[in-house]
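Residues per chain are reported as follows:
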2 protein chains.
Amino acid sequence: MPVPWAAVALTRTAVVDTALEILRESGLPGMSMRTLAGRLHVQPSALYWHVPSKQALLTAVAERILATMGAVGAAETAGAELRVVATALRTAVTAYPDGAEIVALGLAAGAENPVADVVAETCRRHGLEGRASGWTTALTAFVLGLSLEQQTHHNLSVADPSTPPGSFDARFEEGLDALLAGPASA
Amino acid sequence: MPVPWAAVALTRTAVVDTALEILRESGLPGMSMRTLAGRLHVQPSALYWHVPSKQALLTAVAERILATMGAVGAAETAGAELRVVATALRTAVTAYPDGAEIVALGLAAGAENPVADVVAETCRRHGLEGRASGWTTALTAFVLGLSLEQQTHHNLSVADPSTPPGSFDARFEEGLDALLAGPASA
DNA sequence: ACCTGAACACCGTTCAAGT
DNA sequence: ACCTGAACACCGTTCAAGT
């Protein structure tokens, strides 16, 4: 008969699920292989049967976070569409504590970037084919760079409440405005 | 009389100097308070007299890295000047292993961003006053985001040589081209 | 096939005690 | 004032042994 503290079978999927759960509650520092194992009522070493390393686990977590980036529709101008893409990525990575750091690691590890397809489609539709990879890189790096600073700043504020606040939403809009206007226009 | 293995007095400056030295040789994972203390021929706990925490030490290291960003001169167009600023920041942060991560942490901790002054001057000279903070955020986040991915990718390649290479210099130029052209032009 | 138990080789930080 | 020595509370990972 099933016992209450053995709620789920220990599979790779369950491990990643629980990792995301802990990430949401405690952030990346709270997500150790030991706390993860404890939540699953298993020894830390048991995790290594389902996942080769913490690195690989984090890449899987990154892919899950990126998968929450919903489809984005067409808009009047290329700039408007690129703005929507950037905002969607930012929403996805900031939905979890330390999401930017994990996604940055995941992309470096070779995770597929969902921004690429959307930007390619936008560029095709607006006669900017040659710039698809350039805009993918520009928007992804911008969003991850700023979100990383924001989430790091948040973590520091928690550790030291005397830290002055930062207005990252406003800076995101300002930065995006500049970037989508180009340096030719005031 | 001075003994050869006590080369320098243990000051905050010497601690930061040695931290940068180890960073250059072994990257961030190699820069533990223990290895740092060992290099200085002192107990790990001794460092805490000169530096309140590793966090603070890393912020000081970030400020040193940012201080290597040389002055950038005027150019014909605003776009050309912004390109030079972005390239200068990239050169500075990629000069050390894990420099992007450390600088991102430093900026989040409140370190002064040298890009701000240069961009403000550029915007003033080219009639873009309202966009100074926007361009500062855009360029800084873009450069740090891409450099972070590059250096993380490099670390993963060292750990696992089967990792496919990435052409980050080319992606930097492409991204910058797109960003400085704006989505209106092909 | 899948997990336990114990160990290895590390971390950052604190703090009484020395000088 | 400045440093040692020892400890505290952690890490990720490995591996023989169990079932």
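Criteria and cut-off values
- Residues numbered from 1 in each chain as written.
- Chains lettered and ligands numbered in written order.
- Predicted model: local features only at pLDDT ≥ 70, side-chain atom pairs only at ≥ 80, totals over all residues.
- Heavy atoms only, no water.
- Helix = DSSP H or I, 4+ residues; strand = E, 2+ residues; numbered from the N terminus.
- Buried < 20%, exposed > 50% of the residue type's maximum accessible area, 1.4 Å probe, protein only.
- Contact = heavy atoms within 4.5 Å.
- Areas by Shrake-Rupley, 256 points an atom, 1.4 Å probe, with all protein chains shown as cover.
- Lys, Arg positive; Asp, Glu negative; His and termini not counted.
- Charge placed at Lys NZ, Arg CZ, Asp CG, Glu CD.
- Polar contact = N/O pair within 3.5 Å; in protein donor to acceptor, adjacent residues only side chain to side chain.
- Phe/Tyr/Trp six-rings, centres within 6.5 Å; stacked < 30°, edge-to-face > 60°.
- Lys NZ or Arg CZ within 6 Å of the ring centre and 35° of its normal.
- Near = heavy atom within 4 Å.
- Nonpolar A, V, L, I, M, F, W, Y, C, P; charged D, E, K, R; others polar.
- Least-squares fit on C-alpha atoms with pLDDT ≥ 70 in both.
- Buried area = accessible area lost by both parts, 1.4 Å probe.
- Salt bridge = Lys/Arg side-chain N within 4 Å of Asp/Glu carboxyl O.
- Expected span 1.5 Å × (residues − 1).

Visitor: Please clarify how the overall build of chain A should be interpreted in this entry.
Guide: Scanning chain A from terminus to terminus reveals eight helices and zero strands. Reading chain A from its N end, one meets helices and strands in the order α-α-α-α-α-α-α-α. Counting only C-alpha atoms and orienting by the principal axes, one finds that chain A spans roughly 65 × 45 × 25 Å. Among the 186 residues that make up chain A, the fraction classed as buried is 46%. In chain A, 69% of the contacts between residues at least 6 apart in sequence involve partners at least 24 apart. Just so you have it, chain A exposes about 8700 Å², and 58% of that area is on carbon and sulfur atoms. In chain A, the 12 positive side-chain charges and the 18 negative ones have mean positions that sit 5 Å from each other.

Visitor: What should I look at first to understand the environment of A:Arg83 in this one?
Guide: All names here are of chain A. With respect to the helices and strands, Arg83 occurs in helix H4 (residues 78-93). Assessed through its relative accessible area of 26%, Arg83 is described here as partly exposed. In this structure, the C-alpha to C-alpha distance between Arg83 and Leu139, residues 56 residues apart in sequence, is 8.9 Å. The contact partners of Arg83, leaving out residues within four places of it in the chain, are Glu173, Leu176, Asp177 and Leu180. Reaching out from Arg83, the side chain makes a polar contact with the side chain of Glu173 at a distance of 3.5 Å.

Visitor: Would you mind showing me how to read the packing of aromatic side chains here?
Guide: Working definition: an aromatic ring pair is given by the centre-to-centre distance plus the angle between the planes. Residues and elements named next belong to chain A. Within this structure, the stated rule accounts for two aromatic pairs over all chains. Ring plane angle 15° and centroid distance 5.8 Å describe the contact between Phe142 and Phe172, whose orientation is recorded as stacked. Of this pair, Phe142 sits in helix H7 (residues 132-159) while Phe172 is found in helix H8 (residues 168-181), placing the two residues 30 residues apart along the sequence. The two residues Phe142 and Phe172 agree in class, both being buried. Sitting above the plane of the Tyr96 ring, Arg24 keeps its charged end 4.2 Å from the centroid.

Visitor: Mind showing me how you'd approach the protein's contact with DNA strand D here?
Guide: Close to DNA strand D lie 15 residues, the nearest being A:Arg34, A:Tyr48, A:Lys54, B:Ser45 and B:His50. Backbone atoms, meaning sugar and phosphate, make up 50% of the atoms of DNA strand D lying within 4 Å of the protein. Here a phosphate oxygen of DNA strand D and a side-chain polar atom of B:Trp49 are 3.2 Å apart. Taken together, the residues of the surface near DNA strand D break down into six nonpolar, six polar and three charged.

Visitor: Please clarify how unusual backbone geometry should be interpreted in this entry.
Guide: All names here are of chain B. Its identity as a non-glycine residue notwithstanding, His41 has a phi of 55°, on the positive side. Among the structural elements, His41 can be located in the loop between helix H2 (33-39) and helix H3 (54-67). Phi angles above zero are rare outside glycine, and Asp98 is one such case at about 60°. Mapped onto the secondary structure, Asp98 falls in the loop between helix H4 (78-93) and helix H5 (99-108). Overall, Asp98 belongs to the buried group, its relative accessible area being 5%.

Visitor: Quick question: what am I supposed to make of the protein's contact with DNA strand C here?
Guide: Not every one of the 15 residues close to DNA strand C is listed here, only the nearest: A:Ser45, A:His50, B:Arg34, B:Tyr48 and B:Lys54. Put simply, 51% of the atoms of DNA strand C that lie within 4 Å of the protein are in sugar or phosphate.

Visitor: Explain the relation of the copies chain A and chain B here, please?
Guide: Rotating chain A by 180° about the axis while translating it 0.0 Å along that axis superimposes it on chain B, leaving an RMSD of 0.0 Å. What the superposition gives is, in effect, a two-fold axis relating one chain to the other. Most of the interface of chain A is mirrored in chain B: 100% of its interface residues are interface residues there too.

Visitor: What is the right way to read the interface of chain A and chain B from this model?
Guide: When the parts of a complex come together, some accessible area is lost, and that lost area is often taken as the interface size. With 38 residues of chain A in contact, the opposing surface of chain B contributes 38 residues. Looking only at chain A, the three residues that lose the most surface to chain B are A:Ala108, A:Arg131 and A:Pro183, adding up to 20% of its buried area. Across the chain A-chain B interface, the total number found is zero salt bridges. If you look at where chain A meets chain B, you find four residue pairs in polar contact (both at pLDDT 80 or more). When residues of the side of chain A that touches chain B are traced back to their parent elements, those giving at least two are H4, helix H5 (99-108), H7 and H8 of chain A. Ranked by residues supplied to the side of chain A that touches chain B, first place goes to H7(A) with 14 residues. Here the side of chain A that touches chain B is composed, by residue class, of 21 nonpolar, 12 polar and five charged.

Visitor: How should I be thinking about H8(A) in this particular structure?
Guide: Think of an α-helix as 3.6 residues a turn; residues three or four steps apart then line up on the same face. For H8(A), built from 14 residues, the straight-helix expectation of 20 Å at 1.5 Å per residue is met to within 8% by its first-to-last C-alpha distance of 20 Å. Where H8(A) is buried, its residues contact H4 and H7 of chain A together with helix H7 (132-159) and helix H8 (168-181) of chain B. Directly beyond the C-terminal end of H8(A), a positive phi value near 80° is found at A:Gly182.

Visitor: What's the story with the pattern of salt bridges in this structure? I'm lost.
Guide: Opposite charge on two side chains permits them to pair, given that their charged atoms come into close proximity. All names here are of chain A. Counting across every chain of the model gives 20 salt bridges over all chains. Here Arg171 makes a salt bridge to Glu149, at a shortest N to O gap of 3.2 Å. Of the two residues, Arg171 is situated in helix H8 and Glu149 in helix H7; the sequence distance between them amounts to 22 residues. In this structure Arg171 comes out as partly exposed when scored by relative accessible area, which is 24%.

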